[in-house]
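# Structural overview for review
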Amino acid sequence: MNKRAPTKPILPGATLGVLGSGQLGRMLAVAARRMGYKLHTYSPDQGTPTGQLADREVAAPYEDLDALADFARGVDVISFEFENVPYAATECVAQYVPVRPRGEVLHTAQHRLREKTFLREHGFPTAPWRKVNSLEALHRAVAEIGAPAVLKTAGFGYDGKGQAKLRAPEGAEAAWRAIGETEAVLEGFIDFEMEVSVVAARGLDGEFVHYGVLENQHHNHILDVTIPDAELPPELRERAVEVARGILEQLDVVGVLCVEFFVTRTGELLVNELAPRPHNSGHFTFDASVTSQFEQQLRAACGLPLGSTTLLRPAAMVNLLGDLWNDGEPNWAAALADPDVKLHLYGKAAARPGRKMGHITAFGNDRMDARARALAARARLAG
Ligand code: AMP
């Protein structure tokens, strides 16, 4: 892809606007404030994880074009941290300020059919899939792809939400009902060896950086543990990075994008999902890398040079879900008994099961030591 002509960078003192108000915006706000930027957040909610650290928190619907226009007029550049922001909202604010990544990236990545079609058209490998928009289409798709398979809603799905597994073709009707009889994708079920991701960033001038290949362990479809430097043959690691580079270039991303992959038992690399923003699997970079994924998002959005992605020490990240609160407030002091443990909490008031409330990053002598320390710290929370 051609390098763009340099445009003037947006410098410290300026204001970054963020559509969305969750933990990703919160950590972006930390990065922005540290570098002397102001940050405004826009979402339907108040008292949000991002809003708690923002200079301005606007609570209005994503469909309110007047409120969006008013928000855009108060900032110098806009990014997003929530994948289900309507494309029309990005189109609206783009009339006033640059939106980075551009709204089209969000439009592609927020809808599984558009995402998979993009991947297929550009030759990026995925699990076999078929578009499904009726029970009859689902029967045909099952006949073609076989079972087991996973039926996923085309829009508004994350962390395994809007998904139903078909163990056998007979499960088609139940799966169709389970996802709410809506436009969907049927995907072949992959018996994977490992799940990995590449978190990468692309600057306004086309500069590309990445954090290597990250090993992700899921529990109940939700990310549980990330350990950088996945133990894979060097050719596979290089290929994963090249696929990620290709995707960021083809989508003309300015910002951060994460590519999630399955590594099959036969050594194939299949793209599962794209997230056009900092990703949970990149949270370790906040403590463990020279430049965090959030600072990269800020730098890219502002047209600054990207920072080094060097890992300072072996590290691992574990998520803290709301389930940890089942027996009362977790024992934070116990988790921090290991001085190489860093605690992040997102300021969410209600701890619901499965809700991402925070994470722990631990350092270690090597990656598995770091993983063990992160898991041990989390186990102490319940003690
Ligand atoms: P997703 O929301 O599509 O990223 O799915 C969440 C998790 O469900 C993935 O990280 C996998 O652990 C599992 N999963 C999703 N799709 C498949 C598939 N086609 N084959 C096997 N496991 C899957």
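Here's what I pulled together on the structure shown here. (Residues numbered from 1 in each chain as written. Predicted model: local features only at pLDDT ≥ 70, side-chain atom pairs only at ≥ 80, totals over all residues. Heavy atoms only, no water.)

### Thoughts on the side chain of histidine 359
Mapping histidine 359 onto the fold places it in strand E16 (residues 356–363). At a separation of 2.6 Å, a polar atom in the side chain of histidine 359 contacts the side chain of tyrosine 346. Contact partners of histidine 359, with chain neighbours within four places excluded, come to Met27, His283, Met317, Val318, Asn319, Leu320, Lys342, Leu343, His344 and Tyr346. (Helix = DSSP H or I, 4+ residues; strand = E, 2+ residues; numbered from the N terminus. Polar contact = N/O pair within 3.5 Å; in protein donor to acceptor, adjacent residues only side chain to side chain. Contact = heavy atoms within 4.5 Å.)

### Topic: the site of the ligand
If you check the shell around the ligand, you find 17 residues, and the closest are Lys152, Glu187, Ile190, Glu195 and His221. Glycine 188 is positioned such that a nitrogen or oxygen atom in its backbone is 3.0 Å from a nitrogen atom of the ligand. In this structure, an oxygen atom belonging to the ligand sits 2.9 Å away from a side-chain N or O atom of histidine 221. Starting from 480 Å² of accessible surface for the ligand in isolation, the protein chains cover 95%. Contributing elements (two or more residues each) for the shell around the ligand: strand E6 (149–153), strand E8 (184–188), strand E9 (192–202) and strand E13 (269–275). Its residues assigned to classes, the shell around the ligand comprises 5 nonpolar, 6 polar and 6 charged. (Near = heavy atom within 4 Å. Areas by Shrake-Rupley, 256 points an atom, 1.4 Å probe, with all protein chains shown as cover. Nonpolar A, V, L, I, M, F, W, Y, C, P; charged D, E, K, R; others polar.)

### With respect to the packing of aromatic side chains
For the structure shown, the criterion picks out 7 aromatic pairs. Each ring, one from tyrosine 42 and one from phenylalanine 71, has its centre 5.3 Å from the other, and the planes form 65 degrees; the classification is edge-to-face. Pair noted here: tyrosine 42 is in strand E2 (residues 38–43) and phenylalanine 71 is in helix H2 (residues 65–73), with a separation of 29 residues, a long-range link. Summarising the aromatic geometry, the rings of phenylalanine 286 and phenylalanine 294 are spaced 5.9 Å apart at their centres and angled 65 degrees between planes, so their arrangement reads as edge-to-face. Each member of the aromatic cluster is reached from another via a ring pair, and the members are Tyr42, Tyr62, Phe71 and Phe82. Geometry around phenylalanine 189 places lysine 165 over its ring, the cationic atom sitting 3.8 Å from the centre. (Phe/Tyr/Trp six-rings, centres within 6.5 Å; stacked < 30°, edge-to-face > 60°. Lys NZ or Arg CZ within 6 Å of the ring centre and 35° of its normal.)

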